[in-house]
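Residues per chain are reported as follows:
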Amino acid sequence: MLKIIVCVKAVPDPQKACEIKIDPKTKNLMRGDIPMVINQLDKNALEEALQLKETVGAKITVVSMGPPSAGNIVKECLALGADKGVLLSDQAFGGADAYATAFTLAKCIQKMGDFDVVLCGMASSDGATEWVGPEMAVFLDVPVVTMVHDILDARSSMWTIKTAHEDGYRLVQVELPAVLTVSRELNHPRALSFSGIIKAKKKEITQWGISDLSLSEDMVGLKGSPTIVTRMTTIESKRQVDILSGSREEKAEQLLQKLVDAGIV
């Protein structure tokens, strides 16, 4: 039976994006007043794990790093069908960049023991660096396949995978254990069910802090992040509008001339 770990991130609800503020001192997102939801691409990662569980058999553990409220995200994953959940929550983890996040997640996975595959979204909606998965693979010393479009064969320890590549795709074979970062084309995530919510109440969520991972504060969170935001500016977006006048034919002629002058036609 496969041992699958799915890394999920609690991100600010995209529908409330206009309400997100940035701390002027730390340059980090201020998430306290914004509802948190599962990162969309991580839903694809979880869905793929659930499908593998149904077809070849698997034990799924969800791992998330965030504030205590991120526990609701883990509970949702359990309601969808994951078996166990681990929440990494500690003030010392706050403000982590992609490097520190990948490092902390990797240490958590190493503490959990053997695994076959780690699945995660190729990017998060609030960061979009696409670095966490590959960096995590480096810390775990396992191969990584990014932008997974389809898993064609998962019946042995050598998986055949289709990944997005420029204007086409590529076929890759990877030997487990490995880290896979997935794209939204991989599948269509399922919706919550009432029975799943009831079953999730009996499932276990483990919460670990910095001491549980035997790490020092200078290795994680803001202190362990080599990325430094020194300055932030607001980009002003301006558009120039020309109002065309005259008859329909005259307007068409004016529009055509403007397109020619702009080098579009």
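Look a little higher up for the structure.
Residue indices begin from 1 for each chain and proceed along its sequence in written order. With the structure being a predicted model, the display of local features is reserved for residues of pLDDT at least 70 and the display and counting of side-chain atom pairs for 80 or more, all residues being used for whole-chain, interface and lining totals. Note that the side-chain values use all heavy atoms of the structure and ignore hydrogens as well as water.

*Asks:* Can you break down unusual backbone geometry residue by residue, with the values?
*Replies:* Between Leu176 and Pro177 the backbone carries a cis peptide bond, its omega angle lying at 0 degrees. Its location among the elements puts Pro177 in the loop between strand 11 (168-175) and strand 12 (178-182). Even without a glycine there, the phi angle at Met147 is positive, about 55 degrees. Here Met147 is to be found in strand 9 (residues 144-153). Its identity as a non-glycine residue notwithstanding, Ser214 has a phi of 55 degrees, on the positive side. Assignment of secondary structure puts Ser214 in the loop between strand 13 (204-208) and helix 6 (248-261). Whether a residue is buried, partly exposed or exposed follows from its accessible area with a 1.4 Å probe, protein chains only, as a fraction of its type maximum: under 20%, in between, or over 50%, in that order. For Ser214, a relative accessible area of 66% gives the class exposed. Secondary structure elements are taken from DSSP: a helix is a run of H or I of four residues or more, a strand is a run of E of two residues or more, and numbering for both begins at the N terminus.

*Asks:* Describe in detail the nonpolar core, supporting the description with residues and values.
*Replies:* Definition used in this section: a nonpolar core is a set of buried Ala, Val, Leu, Ile, Met, Phe, Trp, Tyr and Cys residues joined via side-chain atoms within 4.5 Å. Core analysis: the biggest nonpolar cluster contains 39 residues, and Ile4, Val6, Leu46, Leu119, Trp159 and Leu180 have the highest contact counts within it. Excluding residues that lie within four positions of it along the chain, Trp159 makes contacts with Leu2, Leu52, Val117, Ile151, Asp153, Ala154, Val172, Gln173, Val174, Leu176 and Leu180. Judged by nonpolar contacts, the second largest core, of 27 residues, contains Met65, Val86, Ala102 and Cys120. Any two residues having at least one pair of non-hydrogen atoms within 4.5 Å are treated as being in contact.

*Asks:* Help me get a handle on the sheet that holds strand 1 (residues 2-7), residues and values and all.
*Replies:* Across the sheet, which stays open at both edges, the nine strands sit in the order 11-10-9-12-8-1-6-7-13 with mixed pairing between neighbours. Looking at which strands have only one partner, the edges of the open sheet turn out to be strand 11 and strand 13. On average, adjacent strands in this sheet sit at an angle of 35 degrees to one another, irrespective of strand direction. The pairing criterion for strands is at least two bridges between them, as found by DSSP. Bridge analysis of strand 9 against strand 10 (residues 158-165) gives four bridges, and the strand direction is antiparallel. Counted as the bridge partner of Ile151 is Ile161 from strand 10. Where helix 4 (residues 132-140) meets the sheet, it contacts strand 1, strand 8 (117-121), strand 9 and strand 12, and its direction lies at approximately 175 degrees from that of strand 12. For helices, the fitted axis covers only the stretch in contact; all axes are lines through C-alpha atoms, and the angles between them, taken along N-to-C directions, range from 0 to 180 degrees.

*Asks:* Tell me what's going on with the layout of surface pockets, and back it up with residues and numbers.
*Replies:* Points on a 1 Å grid, built from protein atoms alone, make a cavity when a 1.4 Å probe fits but cannot get out and make a pocket when they are open with protein on both sides within 12 Å along at least 5 of 7 lines; residues with an atom within 4 Å of a point are the lining residues. Grid points are joined across faces, edges and corners, and a volume is the space filled by probe spheres set on the points. The space that makes up the second largest pocket amounts to roughly 230 Å³. Contributing to the lining of the second largest pocket are 14 residues, with Ile5, Thr61, Lys84, Met112 and Asp114 lying nearest its centre. At the level of secondary structure, the elements contributing two or more residues to the lining of the second largest pocket comprise strand 1, strand 6 (58-65), strand 7 (84-88) and strand 13. Residues are grouped as follows: Ala, Val, Leu, Ile, Met, Phe, Trp, Tyr, Cys and Pro are nonpolar; Asp, Glu, Lys and Arg are charged; every other residue, Gly included, is polar. Residue composition of the lining of the second largest pocket, grouped by class: six nonpolar, three polar and five charged.

*Asks:* Got a sec to walk through the packing of aromatic side chains? Specific residues and values, please.
*Replies:* Here a Phe, Tyr or Trp ring, Trp counted by its six-membered ring, pairs with any other such ring whose centre lies within 6.5 Å, and the pair is stacked when the planes are under 30 degrees apart, edge-to-face when over 60, and tilted otherwise. Evaluation of the coordinates by the stated rule reveals two aromatic pairs. Ring centres of Tyr99 and Phe139 lie 5.3 Å apart, and the angle between their planes is 75 degrees; on these two criteria the pair is classed as edge-to-face. With Tyr99 in helix 3 (residues 98-112) and Phe139 in helix 4, this pair connects stretches of sequence that are 40 residues apart. The class of Phe139 is partly exposed, set by a relative accessible area of 25%. A centroid spacing of 5.4 Å and a plane angle of 75 degrees characterise the contact between Phe103 and Phe139, whose relative ring orientation is edge-to-face. Of this pair, Phe103 sits in helix 3 while Phe139 is found in helix 4, placing the two residues 36 residues apart along the sequence. In this structure an aromatic cluster arises from ring pairing among Tyr99, Phe103 and Phe139. Working rule: Lys NZ or Arg CZ, within 6 Å of ring centre, within 35 degrees of ring normal, means a charge sits over the ring. When the ring centre of Trp208 is taken as reference, the NZ or CZ atom of Lys111 above it lies at 5.0 Å. Over the ring of Tyr169 we find Lys162; its NZ or CZ atom is 4.4 Å from the centre of that ring.

*Asks:* So what's going on with the side chain of Thr181? Residues and values would help.
*Replies:* Relative to the helices and strands, Thr181 is located in strand 12. In this structure Thr181 comes out as buried when scored by relative accessible area, which is 3%. The residues touching Thr181, leaving out its near neighbours within four places in the chain, are Cys120, Gly121, Met122, Gly133, Pro134, Val145, Thr146, Met147 and Val148.

*Asks:* Go over the packing of helix 3 against helix 4, please, and point to the residues and values.
*Replies:* Packing of helix 3 against helix 4 leaves a shortest axis separation of 8 Å and a crossing angle of 45 degrees. Taken together, the axes of helix 3 and helix 4 are oblique relative to one another. Crossing of helix 3 against helix 4: the hand is right-handed. Here helix 3 contributes Ala98, Tyr99, Thr101, Ala102, Phe103, Leu105, Ala106, Ile109 and Gln110 to the contact with helix 4, which in turn contributes Val132, Glu135, Met136, Phe139 and Leu140. Roughly parallel covers angles under 35 degrees, roughly antiparallel covers those over 145, roughly perpendicular covers 65 to 115, and oblique covers all other angles. With the far helix as reference, a near helix turned anticlockwise by less than a right angle produces a left-handed crossing, and one turned clockwise produces a right-handed crossing.

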